[in-house]
Amino acid sequence: MDSSRKIHLNSLIALEEIRLLNSALPFSFSASAIIAFIIYIVLHGHVDSELNLNIWFGGLLLLLLIRSIDSYLFLHRPIEKQLRAGNRIRFLIGVGLAGLTWGLLPWLGYSHERQYFDFSVICLVGIMAGSLSSLAYRWEAILLFLLPPSFLLIARLLVDNRQLSIETSLILGVFVLFSMSAGKRIFKTTQQNIRLRLETDIREQAIELMHQKQYLHLQQTPLAIIEFDTDFKITKWNPAAESIFSYSEEEAIGENILRLILPRDSNEVAEDIWSSLLNLETINGIVVENKTRDNRHIFCEWFITPLSQRNNEVVGIAAMALDISEKMQNEQALISSRDEAEKANQAKSDFLSSMSHELRTPLNAILGFTQLLKYEKTMTEKQQSHVGEISNAGNLLLELVNQILDLAKIEQGQLKLSMEQVPLARIFNDCKSMILPQAQQYQVSLDINTETSGYVIADYTRLKQVMLNLLSNAIKYNISGGSVSIKIRPRQDEKIRISIIDTGIGIRSDLIHELFQPFNRLNATSNIEGTGIGLSISKQLMEMMDGTIGVKSTINIGSEFWVELAGHLYQTPDTPDINEHNSITKMEDSNTHIRILVAEDNATNQTLIMHQLKTLGYNAVVVHNGKEALEKLAQSSFHLLLTDCNMPLIDGYELAATIRKQGNHKLPIIALTADAFPEKKIAALNAGMNDHIVKPVTLETLKATIQKNLRSL
Ligand code: ADP
């Protein structure tokens, strides 16, 4: 029991005592008044002083009257006022005064006639003894009532010098002591009884309250509350059960629950649940298909618990059910709309993939053949210049396709980055060698320190894409004889700023805010090639890499485009440059012993790749699909397989998987595909291929990839 309840109980007990004492007053007061009256009549005419006797009798009656009024008022007060401590003190004062008044009897009603005095003494002792019954609830009351008359009587007897005084005082002493101990015991028992009664009252009230609440819950809850016995006969069925299953309480009680609300084919579910319940297991949140009175099928979530006796014997089942049909329908709708959205997304992705494929395949042919044409010694200068034009236009188209695809991928959240420590030296080196021809073409000098030590945290390919875009812009929008330089500066926030500074035409300050918007070429003149999306892609890529991009520009002085990325400026171990771009200047003939099988269905691409491989000096054989490739591989041995991915009969993925399944794990297989999506690369590697080249493929990339894979043999 907590302390506040204990205090409350104790004050209730005290109140109950004072109530008991007060309630005994009418009887004891009437008895007192009658006895006092008899004493008064008997003593009248025999006492030494009639006045004293009258004072005593009058005083006693007055006291009785005052206490009666006080007691009446107390009993009719509200409980909070009855609980006040003052009531008890007043009662005890009243008891003390009563004892005192009675004690005055041998003094004020004194008679020298001995028998009348003895009469007074006997009456007084009798009153004292009689009062015990009504005052025994509280030992202090007994003490207060007994002590004054005892002392006054003994004093009177002593003054009287009676022999009786010693005996009487002894008897009175014993009497008082006896009364005290008896009173104390009675008091204790009374208190216990009161406590028990009050506790029982409190408990009964709590139980009553609980029943009321339970009833309310049972009636108001949206949960069906159902109980049934071990014969499945329903014993409880609340209003929610009525509304969920459409059976009224009268219809449901006594019915078999399985037959009432379970569809015919759910016996198995019921058996499972039943065996768990017999093992005294509680079942929470199980979703069961139920039927209603009008044969509707609904879904309910059940919470079922077995009711068992002390010997663990199941005597019944208590269950709660919630109709979740609507929730399930909503969830289903949500799942199907999500599926549809995913399908639409997939369709978009497929569209992009196929667009990429469709555009890259002819571009592959254009760029590949143009590159081969450059080696034709028989061409006139004019023809060479036309070929150069075709190559430029093709490259621009390829850049446009790539950028549109990038933009679409970023917007769809499909672009996956692989963040790593990218050494600045490596990225600057690669960018420098790739941008050099353009710088030479525009007669712009490059100042790029390829020895720069340090690294940034970025996706290598995407950072290179951003840098090349910025470098290419710095060259394109420059003046003849101008310069482009790269400067590195560490920032305080552990970031590194890479600035690409040009001495070009600059950007008008009122146009700067339009930068980084897709397809916005500002006031770029039409004779400078461009698509207007490079910067917007660069910005998005930088943000994806947790970096920033910015610009400062002064018209006719130049611009500084900068990117900031996390990184450090200190020497990092040199990493081998995997993107070596050895320019191929002549036909190579040292590779003729290497036999390469090419699987490609597109005739133009076949011709192109065969020419490219021939240029690189390889001994290549071409087949039209995966099926033919398997046959060829069975007939003779090859050092490497280059395969297109989309082919009739057996495609590239199936071809690679079959070769690996046949136990040939040595043959390097390189996918040659027009799809630039990273998923395609993953699919190729998953099928068992070693590498992946995206068309249009340059001779350099083709050579590097073949060499890399032959080396790993
Ligand atoms: P593109 O160069 O293909 O037109 P970008 O998105 O790379 O597209 O650049 C958008 C525009 O910003 C350019 O058309 C050009 O007007 C302007 N611009 C970009 N870089 C520079 C630069 N270094 N100097 C001057 N103008 C620039």
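Residues numbered from 1 in each chain as written. Predicted model: local features only at pLDDT ≥ 70, side-chain atom pairs only at ≥ 80, totals over all residues. Heavy atoms only, no water.

1. Description of the overall build of the protein
In plain terms, the rule: Counting from the N terminus, the helices are the DSSP runs of H or I reaching at least four residues and the strands are the DSSP runs of E reaching at least two. Two things to know: the radius of gyration comes from C-alpha atoms, and the globule rule equals 2.2 Å times the number of residues to the power 0.38. Exposure classes here rest on a 1.4 Å probe applied to the protein chains alone. A residue is buried below 20% of its type maximum, exposed above 50%, and partly exposed in between. Two residues form a contact once any of their heavy atoms are found within 4.5 Å. Only the protein chains shown count as cover for residues, and the accessible areas themselves come from Shrake-Rupley with a 1.4 Å probe. Charged-residue counts in this description rest on Lys and Arg as positive and Asp and Glu as negative, His and the chain ends being excluded. Where a charge lies is defined by one atom per residue type, namely NZ (Lys), CZ (Arg), CG (Asp) and CD (Glu).
Looking only at helices and strands, one finds 23 helices and 17 strands in the protein. Its C-alpha radius of gyration of 55 Å places the protein more than 25% over the 27 Å reference for a compact globule of 713 residues. If one aligns the C-alpha atoms of the protein with their principal axes, the spans along those axes are about 170 × 75 × 45 Å. Counting across all 713 residues of the protein, residues that qualify as buried make up 44%. The long-range share in the protein, meaning contacts at least 24 apart out of those at least 6 apart in sequence, stands at 67%. Total accessible area computed for the protein in this model is approximately 38,400 Å², and 56% of it derives from carbon and sulfur atoms. Of the side-chain charges in the protein, 66 are positive and 78 negative, and the distance between the mean point of each set is 5 Å.

2. Details of the packing of aromatic side chains
Our working definition: Geometry of aromatic contacts follows a simple scheme: Phe, Tyr and Trp rings, the Trp one being its six-membered ring, pair when their centres are within 6.5 Å, and the pair is stacked under 30 degrees between planes, edge-to-face over 60, tilted otherwise.
Tallying each qualifying case throughout the model produces eight aromatic pairs. Centroid distance Phe 37 to Phe 57: 6.3 Å. Interplanar angle 40°. Geometry classified as tilted. Residue Phe 37 is found in helix 2 (residues 25-43), and its partner Phe 57 is found in helix 3 (residues 50-75); the two are separated by 20 residues along the sequence. Among the residues examined, Phe 57 registers a relative accessible area of 13% and is labelled buried.

3. As for the site of the ligand
How we decide: The rule for a residue being near a molecule or strand is that one of its heavy atoms must lie within 4 Å of it. In the analysis that follows, any N or O atom pair within 3.5 Å is treated as a polar contact, provided that within protein one partner can donate a hydrogen and the other can accept it, and provided that, for residues neighboring in sequence, both atoms belong to side chains. Three categories are distinguished: nonpolar for Ala, Val, Leu, Ile, Met, Phe, Trp, Tyr, Cys and Pro, charged for Asp, Glu, Lys and Arg, and polar for the others, with Gly belonging to the last.
The environment of the ligand is made up of 21 residues, and the closest members are Asn 473, Tyr 477, Arg 521, Thr 531 and Leu 535. A distance of 3.0 Å separates an oxygen atom of the ligand from a polar backbone atom of Gly 532. Bound to the protein, the ligand loses 97% of the 530 Å² it would expose on its own. Listed by contribution, the elements that provide at least two residues to the shell around the ligand are helix 17 (460-476), helix 18 (534-544) and strand 12 (558-568). Among the residues making up the shell around the ligand, the classes are represented as nine nonpolar, nine polar and three charged.

4. Considering empty space enclosed by the protein
For the record, the criterion: Definitions used for this entry: grid spacing 1 Å over protein atoms alone; cavity, a set of points where a 1.4 Å probe fits but cannot get out; pocket, an open set with protein on both sides within 12 Å along at least 5 of 7 lines; lining residue, one with an atom within 4 Å of a point. Grid points are joined across faces, edges and corners, and a volume is the space filled by probe spheres set on the points.
Enumeration according to the criterion identifies three cavities of 30 Å³ or more in this entry. Counted as a void, the largest cavity has a volume near 240 Å³. Every residue lining the largest cavity is counted, 15 residues in all, and those nearest its centre are Phe 228, Leu 258, Leu 262, Ile 273 and Ile 304. Of all the secondary-structure elements, those providing two or more residues to the lining of the largest cavity are helix 12 (257-261), helix 13 (267-278), strand 3 (283-291) and strand 4 (297-308). At five residues, the largest contribution of residues to the lining of the largest cavity is made by helix 13.

5. Some words on the side chain of Arg 462
When you line up the elements, Arg 462 lands in helix 17. With relative accessibility at 14%, the residue Arg 462 sits in the buried group. Excluding anything up to four places from it in sequence, Arg 462 contacts Asp 406, Lys 409, Leu 415, Leu 417, Leu 541 and Met 545.

6. A few points about the packing of helix 19 (residues 603-615) against helix 23 (residues 699-711)
Stated precisely, the cut-off is as follows: Lines fitted to C-alpha atoms define the axes here, with helix axes fitted over just the stretch in contact, and angles between the N-to-C directions of these axes take values from 0 to 180 degrees. Any angle that is under 35 degrees is reported as roughly parallel, and any over 145 degrees as roughly antiparallel; angles of 65 to 115 degrees are reported as roughly perpendicular and all others as oblique. Each helix crossing is assigned a hand: it is left-handed if the near helix lies turned anticlockwise from the far helix by less than a right angle, otherwise right-handed if that turn is clockwise.
Look at helix 19 against helix 23: their axes get within 10 Å of each other, and the N-to-C directions meet at 70°. It follows from the interaxial angle that helix 19 and helix 23 lie roughly perpendicular. Crossing of helix 19 against helix 23: the hand is right-handed. Where helix 19 approaches helix 23, its residues Ile 609, Gln 612, Leu 613 and Thr 615 are matched on the opposing element by Leu 699, Leu 702 and Ile 706. Along the lines of polarity and charge, the residues of the contact of helix 19 with helix 23 split into five nonpolar, two polar and no charged.

7. Side note on the pairing of strand 3
Moving residue by residue along a regular strand, the side chains alternate between the two faces of the sheet. Quick reminder of the rule: For two strands to pair, DSSP has to find at least two bridges joining them.
The pairing of strand 3 with strand 4 spans eight bridges and is antiparallel. Of the residues in strand 4, the one forming a bridge with Glu 289 is Phe 299.

8. Some words on the sheet that holds strand 13 (residues 595-599)
Strand order in the open sheet made by the five strands is 14-13-15-16-17, with parallel pairing throughout. What marks the edges here is a single partner per strand, and that holds for strand 14 (619-623) and strand 17 (691-694). Each strand axis lies, on average, 20° off the axis of its neighbour in the sheet, ignoring direction. Bridging between strand 13 and strand 15 (residues 640-644) involves four bridges; their strand directions are parallel.

9. Here's the deal with helix 16 (residues 424-442)
Formally: Here, expected helix span is obtained from the residue count minus one, scaled by 1.5 Å. Throughout, bend refers to the angle between the axes fitted to the seven residues that end at a position and the seven residues that start at it.
Across its 19 residues, helix 16 extends 25 Å between first and last C-alpha, which sits within 8% of the 27 Å expected from 1.5 Å per residue. Of all the bends in helix 16, the largest measures some 40° and sits at Ile 435, one to four residues before the proline Pro 437. Every buried residue of helix 16 is accounted for by Leu 424, Arg 426, Ile 427, Phe 428, Asp 430, Cys 431, Ile 435, Gln 438 and Ala 439. In the core, the buried residues of helix 16 are packed alongside strand 6 (419-423), strand 7 (445-447), strand 8 (455-459), helix 17, strand 9 (483-490) and strand 10 (495-502). In the segment just after helix 16, Gln 443 is the residue with positive phi, at about 55°.

10. Considerations on helix 17
Helix length check: helix 17, at 17 residues, gives a terminal C-alpha distance of 24 Å against a target of 24 Å (1.5 Å per residue), a fit within 8%. Burial analysis of helix 17 places 15 of its 17 residues in the buried class, which makes it a mostly covered element. Where helix 17 begins, the capping side chain belongs to Asp 459, and its oxygen is found 3.1 Å from the backbone nitrogen of Thr 461.

11. Quick notes on the packing of helix 20 (residues 626-635) against helix 21 (residues 652-661)
Remark: helix 20 packs on helix 21, axes separated minimally by 9 Å, with the N-to-C direction vectors making an angle of 30°. Between helix 20 and helix 21, the interaxial angle falls into the category roughly parallel. Both helix 20 and helix 21 take part in a crossing whose hand is right-handed. Contacts between helix 20 and helix 21 involve Gly 626, Ala 629, Leu 630 and Leu 633 from the first element and Leu 655, Thr 658 and Ile 659 from the second.

12. Overview of the sheet that holds strand 2 (residues 234-237)
On the basis of which strands lie adjacent, the open sheet formed by five strands has the order 2-1-5-4-3 and antiparallel pairing. A single partner strand is all that each edge strand has here, and the edge strands are strand 2 and strand 3. Shown here is a sheet whose adjacent strand axes are inclined to one another by a mean of 30°, direction ignored. With six bridges joining them, strand 1 (residues 224-229) and strand 5 (residues 314-323) adopt antiparallel strand pairing. By the bridge assignment for strand 5, Asp 229 is matched with Gly 316. Seen against the sheet, helix 13 touches strand 1, strand 3, strand 4 and strand 5 and runs at an angle of roughly 150° to strand 3.

13. Observations concerning unusual backbone geometry
For Leu 280, which is not glycine, the phi torsion reads 65° and is therefore positive. The backbone of Asp 546 sits at a positive phi, close to 60°, despite the residue not being glycine. Within the secondary structure, Asp 546 sits in the loop between helix 18 and strand 11 (548-554).

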